[in-house]
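Fold and contact review
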2 protein chains.
Amino acid sequence: MIESRLIAQLKQTVGEEAVLTVKEDLETYAHDATATWSHRPDVVVLPTTAGQVARVLKLANEHRIPVTTRGGGTNVSGGCIPVKGGIVLSTVKMDRIIEISKTNLTAIVEAGVVLQDLYNACARQGLFYPPDPQSFLGCTVGGTVAENSGGPRCLKYGVTKQYILGLEVVTASGEIMRLGGLVPKNRMGYELMTLFIGSEGTLGVVTRAVLRLLPMPEVQKTMLALFDDIVAAGEVVSRIIASGVIPAKIEYVDNWVLRRIEQLMPMGLPQDADALLLLQCDGSAEAVEAEAKKVVAICQQGGAREIRVPKDQAEADKLWAARSGAGAAIFSAAHTGFIEDVSVPRDKIAELIRKCREIAQKYDVCVPVVGHAGDGNVHPNVLTDDRDPVQFEKAKKAKDEILATAIELGGALSGEHGIGLDKQHFMPRALDPAAFALMKQIKKLLDPNGILNPGKLWPEASDGQR
Amino acid sequence: MIESRLIAQLKQTVGEEAVLTVKEDLETYAHDATATWSHRPDVVVLPTTAGQVARVLKLANEHRIPVTTRGGGTNVSGGCIPVKGGIVLSTVKMDRIIEISKTNLTAIVEAGVVLQDLYNACARQGLFYPPDPQSFLGCTVGGTVAENSGGPRCLKYGVTKQYILGLEVVTASGEIMRLGGLVPKNRMGYELMTLFIGSEGTLGVVTRAVLRLLPMPEVQKTMLALFDDIVAAGEVVSRIIASGVIPAKIEYVDNWVLRRIEQLMPMGLPQDADALLLLQCDGSAEAVEAEAKKVVAICQQGGAREIRVPKDQAEADKLWAARSGAGAAIFSAAHTGFIEDVSVPRDKIAELIRKCREIAQKYDVCVPVVGHAGDGNVHPNVLTDDRDPVQFEKAKKAKDEILATAIELGGALSGEHGIGLDKQHFMPRALDPAAFALMKQIKKLLDPNGILNPGKLWPEASDGQR
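Thresholds, definitions, all that
Residues numbered from 1 in each chain as written. Chains lettered and ligands numbered in written order. Predicted model: local features only at pLDDT ≥ 70, side-chain atom pairs only at ≥ 80, totals over all residues. Heavy atoms only, no water. Helix = DSSP H or I, 4+ residues; strand = E, 2+ residues; numbered from the N terminus. Rg over C-alpha atoms; globule rule 2.2 N^0.38 Å. Buried < 20%, exposed > 50% of the residue type's maximum accessible area, 1.4 Å probe, protein only. Contact = heavy atoms within 4.5 Å. Areas by Shrake-Rupley, 256 points an atom, 1.4 Å probe, with all protein chains shown as cover. Buried area = accessible area lost by both parts, 1.4 Å probe. Salt bridge = Lys/Arg side-chain N within 4 Å of Asp/Glu carboxyl O. Polar contact = N/O pair within 3.5 Å; in protein donor to acceptor, adjacent residues only side chain to side chain. Nonpolar A, V, L, I, M, F, W, Y, C, P; charged D, E, K, R; others polar. Pairing = 2+ DSSP bridges. Axes fitted to C-alpha atoms, helices over the stretch in contact; angles between N-to-C directions. Least-squares fit on C-alpha atoms with pLDDT ≥ 70 in both. Domains from an automatic or database assignment. Expected span 1.5 Å × (residues − 1). Parallel < 35°, antiparallel > 145°, perpendicular 65-115°, else oblique. Left-handed = near helix turned anticlockwise from the far one by under 90°.

1. Observations regarding the overall build of chain A
- Of the regular secondary structure elements, chain A holds 16 helices and 19 strands.
- In summary, chain A has a C-alpha radius of gyration of 22 Å against a globular reference of 23 Å for 466 residues, a match within 12%.
- Based on the C-alpha atoms only, the size of chain A along its principal axes is roughly 70 × 60 × 45 Å.
- Buried positions account for 64% of the 466 residues belonging to chain A.
- Long-range pairs, those at least 24 residues apart, make up 72% of the contacts in chain A with a sequence separation of at least 6.
- Summed over all atoms, the accessible surface of chain A reaches about 16,400 Å², with 50% contributed by carbon and sulfur.

What follows is the structure in structure tokens.
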């Protein structure tokens, strides 16, 4: 519990109305988008400036109070659950888009800007911010920086870290630090900025970001291909890339998900197709036309049983809405679900998916798989029910075996969702020991009192270990 | 001087023939591509494995011997000059291309691979590694990682850090650390890899890298546009970008350089044009055709006095050879030259160039300017003669004023050449004090005895300061 004297100081710092202490309010901040984690903070603060954030952190650091930073709360690895109580620092009131420059292809935004609002502001000037985590309707820029978020478009455009030119970060000791700036080529000493990107709120609080933008692609073209066999679909993905075409998106949906989508949103998809690929090419009209032709030809040669090219934008939008809704479609089918997120080299995707099926059989659980097939980042989702302890245990084992498989295949525990609470038990065996030791030293350097998002990224039990 | 006992230990570690101690040999390693810096090392070692590098560093660390890592020695900021003597660790014997995967679009290479060899190996498989520092005929992958190198193609493709998926790094204490891997989306804790990219050999020795490749663009199309006025040329660059076209390259050459090129390689360029833009679009044939049309139209509307589209590849190659040769063309015109490298927001390029002209007049020095106009990274080169102390002093002042101008315009001290010895005196005023302090702490953490490339990045005098 936090002393009332401290609460009073917090109110002085950010204003009375920007400090929440009522149980019902706190309950809202106990959860994120994961199904099984929850913990109430002692207090929530909603600062509006970096100066306020600095004063809150200074106070928290002096009194050793945990601070968990939270944007839209859409995290799917337990990253913003305040497991040690203390303060939740919400950035949502820092939501100004300060500047968008069409000449410099840059945006300066506060951390609390919702991604969809940024997309809209960019679109009004014919600009485009590529990172597209599927929580874009609610997630904030600050959250995507903390998570180094991905999304379908990463295949062609790369992840969040590739679009950050500058950051304003408040350190654990309450110092405001400005890194990078408006220029895409900036070689002044160490790349400190990237240290904060993907650090899941454990090294500092991002309050402002300078983003790199692109011109909006002139046109987009969607294609859907159905396969009798995941191996054939995987082969087709490899052949498309090897042909020199990098579509903006190549999304994969398995038979279970395909049937579920068809049930909720009938589109006449064949119930027995083993794999569905949803592809999108973007760019100039001429380039997209040429690329789409190539993609369709490769799908045909690769044994697609059916290829659909939507006749208009409305039909294409419907397909993408179905893909975006896949998460909800999957999890509405079970009481509890683990949203998994692993990454393997592209040539190992079919193998990973085959192994996921074996694991599902072995533990008698349902594991629908969707994912960004183009870049090897796949989401095997484990459906379960935490009210049934036996079944829940099996699901947890299945989940762990999927993670172990990704590591064995030369991949990563997470492609875009992060480690948070969900995967930290795997970190000691997934990382090089020297790298793991260095991460802990950097944490110690930047947050010596361990106040920033404590209990995340790696098990506390491993803290003393090399 | 290094004791003979230690030299013997180094010979035991890397082999007799891989240790150089003769004065004539050492002299080769006293220089890089800068004109005014030089210092002989005490010994040069040429290890062939990461294990050998680890043992060399362990020994150096125990005995507090400086270690300056060196690839091709093409550095233009004094980065690989062993100013404190000690060991030069050359990576050139670690030059194996271990694997290139067309499916994964990845290459695994040792640090000493020369960039041109990598380009050739990639091209044989229809692949492409975008970073293109103009020293590509001699520079090594390890050097480009240490410098986070850029080049003309960065406009469309980004800098080296955007193409590194994994690194093997040996720390100052002689530990081998493996970071990242084969997957483009990898979210396992902190982004340690990027800390080493651009660290100029001061945090560790890169021995191996996993690179992200792209399919080779189908076609390239070059255009040349001449302007009577740099402001008009700058406007055209902005308008091209704002139109949604991002060419692979937009290179700028000023009137002085244009005349010098014409003198060395006559092409009938008008002697009185104020600015020359050399542009290249790449991609699918259809896209390039469409983009090139747009670019030509914008140049015409923007007041270009002449636009040339080479009739074939040979003619285009000649233009690019002239651009690549601009550096040599400039420096062959003077006894001593400072190769400068600053970065400003794109909408400030014309202003920067105008100020460079004012500075040149003020100090009565010649400052030819070339650069990557598309991304605001410009090279104002200061011509001088270090045998004439008065003139040399003026040139140094002119150089410093150019650096100060770039910072005032919201830019960076360096876009792609790094800080090295050349710009370190500017670091305290160019960086946020909190960021500067953190850089020093990170250096202390990774290299507590300060053996790695000592005397670089910031003045030692600032070490005690906040």
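2. Some remarks on the interface of chain B and chain A
- The partner chain A presents 86 residues to the 86 residues of chain B that form the contact.
- Taken as a group, Lys185(B), Arg187(B) and Tyr190(B) account for 17% of the area that chain B buries against chain A, more than any other trio of residues on that side.
- At the boundary of chain B and chain A, one finds 12 salt bridges.
- For the salt bridge of Glu200(A) with Arg187(B), the shortest nitrogen-to-oxygen distance reads 3.0 Å.
- Linking chain B with chain A are 28 residue pairs in polar contact (both at pLDDT 80 or more), by the criterion used here.
- Of all elements in the fold, only helix 5 (141-147), strand 9 (176-180), helix 7 (192-196), strand 11 (214-215), helix 8 (230-242), helix 10 (285-301), helix 15 (427-430) and helix 16 (433-446) of chain B reach the threshold of two or more residues within the side of chain B that touches chain A.
- With 9 residues, helix 16 of chain B is the largest single contributor of residues to the side of chain B that touches chain A.
- Here the residues of the side of chain B that touches chain A sort into 42 nonpolar, 24 polar and 20 charged.

3. Details of the pairing of strand 9 (residues 176-180) of chain A
- With 5 bridges connecting them, strand 8 (residues 164-170) of chain A and strand 9 of chain A associate as antiparallel partners. Residue pairing in the sheet places Gly166(A) in a bridge with Gly180(A) of strand 9 of chain A.

4. A look at the sheet that holds strand 4 (residues 87-90) of chain A
Residue and element names in this part refer to chain A.
- Here 4 strands make up an open sheet; going across it, the order is 1-2-4-3 and the pairing mixed. Single-partner strands in this sheet number two, and they are strand 1 (19-20) and strand 3 (67-70).
- The pairing of strand 1 with strand 2 (residues 43-45) spans 2 bridges and is antiparallel. Looking across to strand 2, one finds that Val19 is bridged to Val45.
- Its contacts with the sheet put helix 3 (residues 50-62) on strand 2, strand 3 and strand 4, and the angle it makes with strand 4 is roughly 165°.

5. Let's talk about the sheet that holds strand 1 (residues 19-20) of chain B
All names here are of chain B.
- Taken in spatial order, the 4 strands line up as 1-2-4-3 in an open sheet, and their pairing is mixed. This sheet does not close on itself; its edge strands, each paired only once, are strand 1 and strand 3 (67-70).
- The strands that helix 3 (residues 50-62) touches are strand 2 (43-45), strand 3 and strand 4 (87-90); relative to strand 4, the one it contacts most, it runs at about 165°.

6. As for the relation of the copies chain B and chain A
- The transform that puts chain B on chain A rotates by 180° and translates by 0.0 Å along the axis, for an RMSD of 0.0 Å. Taken together, these values place the two copies in the relation of a two-fold axis. Proximity to the rotation axis, assessed at the C-alpha, singles out Ala287(B) in chain B; its C-alpha lies 2.2 Å from the axis.
- The residues that chain B uses at the interface reappear at the interface of chain A in 100% of cases, marking a shared surface.

7. Focus: the pattern of salt bridges
- If you walk through the whole model with that rule in mind, you get 60 salt bridges over all chains.
- Of the charged contacts in the structure, one is a salt bridge between Glu16(A) and Lys11(A), with a shortest N-O distance of 3.6 Å.
- With a shortest N-O distance of 3.6 Å, Arg239(B) and Glu235(B) are connected by a salt bridge. Residue Arg239(B) and its partner Glu235(B) are both found in helix 8; the two are separated by 4 residues, about one turn of the helix.
- When salt bridges with common partners are traced through the structure, they connect Glu147(A), Glu200(A) and Arg187(B) into a single cluster.

8. Topic: the domain arrangement of chain A
All names here are of chain A.
- Per the domain assignment, the segments making up chain A are domain 1 (4-92), domain 2 (219-327) and domain 3 (334-415).
- One C-alpha centre belongs to domain 2, the other to domain 3; they are set 22 Å apart.
- Taken together, the contacts link 14 residues of domain 2 with 15 residues of domain 3.
- Here domain 2 and domain 3 share an interface that buries about 1,300 Å² over both sides, 64% of which is from carbon and sulfur atoms.
- Considering only the side of domain 2, the residues that lose the most area to domain 3 are Ile230, Tyr252 and Trp256, jointly responsible for 36% of the buried surface there.
- Between Arg357 and Asp274 there is a salt bridge; the shortest N-O distance is 3.0 Å.
- If you look at where domain 2 meets domain 3, you find 6 residue pairs in polar contact (both at pLDDT 80 or more).
- Of all the secondary structure elements, the ones that give two or more residues to the side of domain 2 that touches domain 3 are helix 8 (230-242), strand 13 (249-254) and helix 9 (255-264).

9. A word on the side chain of Arg187(A)
- Position of Arg187(A) among the secondary structure elements: in the loop between strand 9 and helix 7 (192-196).
- You can call Arg187(A) buried: its relative accessible area is 2%.
- Ignoring sequence-local partners within four residues, the contact set of Arg187(A) consists of Ala146(B), Glu147(B), Asn148(B), Gly198(B), Glu200(B), Ser414(B), Gly415(B), Glu416(B), Gly418(B) and Ile419(B).

10. Comments concerning helix 8 of chain B
Residue and element names in this part refer to chain B.
- Taking 1.5 Å per residue, 13 residues should reach 18 Å; helix 8 reaches 18 Å between its end C-alpha atoms and fits that length.
- Of the positions making up helix 8, those classed as buried are Ile230, Ala233, Gly234, Val236, Val237, Ser238, Ile240 and Ile241.
- Two to three positions downstream of the cap, the backbone nitrogen of Val231 sits 3.0 Å from a side-chain oxygen, assigning the N-cap of helix 8 to Asp229.
- Once helix 8 finishes, Gly244 follows within two positions and takes phi at roughly 100°, a positive value.

11. Concerning unusual backbone geometry
- Positive phi outside glycine occurs at Asn148(A), with the angle close to 45°.
- On the secondary structure map, Asn148(A) appears in the loop between helix 5 (141-147) and helix 6 (154-157).
- In this structure Asn148(A) comes out as buried when scored by relative accessible area, which is 2%.
- The backbone of Arg64(B) sits at a positive phi, close to 55°, despite the residue not being glycine.
- Assignment of secondary structure puts Arg64(B) in the loop between helix 3 and strand 3.

12. Quick notes on the packing of helix 13 (residues 349-363) of chain A against helix 14 (residues 389-408) of chain A
Residues and elements named next belong to chain A.
- For the pair helix 13 and helix 14, interaxial distance at closest approach is 10 Å and the crossing angle is 155°. One way to sum up the angle between helix 13 and helix 14 is to call them roughly antiparallel. Of the two possible hands of crossing, helix 13 and helix 14 adopt the one that is right-handed. Each of Leu352, Lys355, Cys356, Ile359, Lys362 and Tyr363 in helix 13 lies in contact with helix 14, whose residues at this interface are Lys394, Lys397, Ala398, Glu401, Ile402, Thr405 and Ala406.
- Partitioned by chemical class, the residues of the contact of helix 13 with helix 14 number 7 nonpolar, 1 polar and 5 charged.

13. Some words on the pairing of strand 18 (residues 369-372) of chain A
Residue and element names in this part refer to chain A.
- Here strand 18 shows no split at all, with Val369 and Gly371 on one side and Val370 and His372 on the other all buried.
- The pairing of strand 13 with strand 18 spans 3 bridges and is classified as antiparallel. When the sheet's bridge partners are listed, Glu251 is paired in strand 18 with His372.
- Across 4 bridges, strand 18 lies against strand 19 (residues 377-384) in antiparallel orientation. When the bridges of strand 19 are listed, Val369 appears paired with Pro380.
- Turn length for the strand 18-strand 19 hairpin, with the two strands adjacent in sequence and antiparallel, is 4 residues, and the turn residue Gly376 shows positive phi of about 75°.

14. Examining the environment of Ser101(B)
All names here are of chain B.
- By the secondary structure assignment, Ser101 is in strand 5 (residues 97-101).
- Taking the C-alpha atoms as reference, Ser101 lies 9.4 Å from Cys122; in sequence the two are 21 residues apart.
- When near neighbours in sequence (up to four residues on either side) are disregarded, Ser101 contacts Thr106 and Leu127.
- Looking at Ser101, its side chain comes within polar contact range of the main-chain nitrogen of Asn104, at 2.9 Å.

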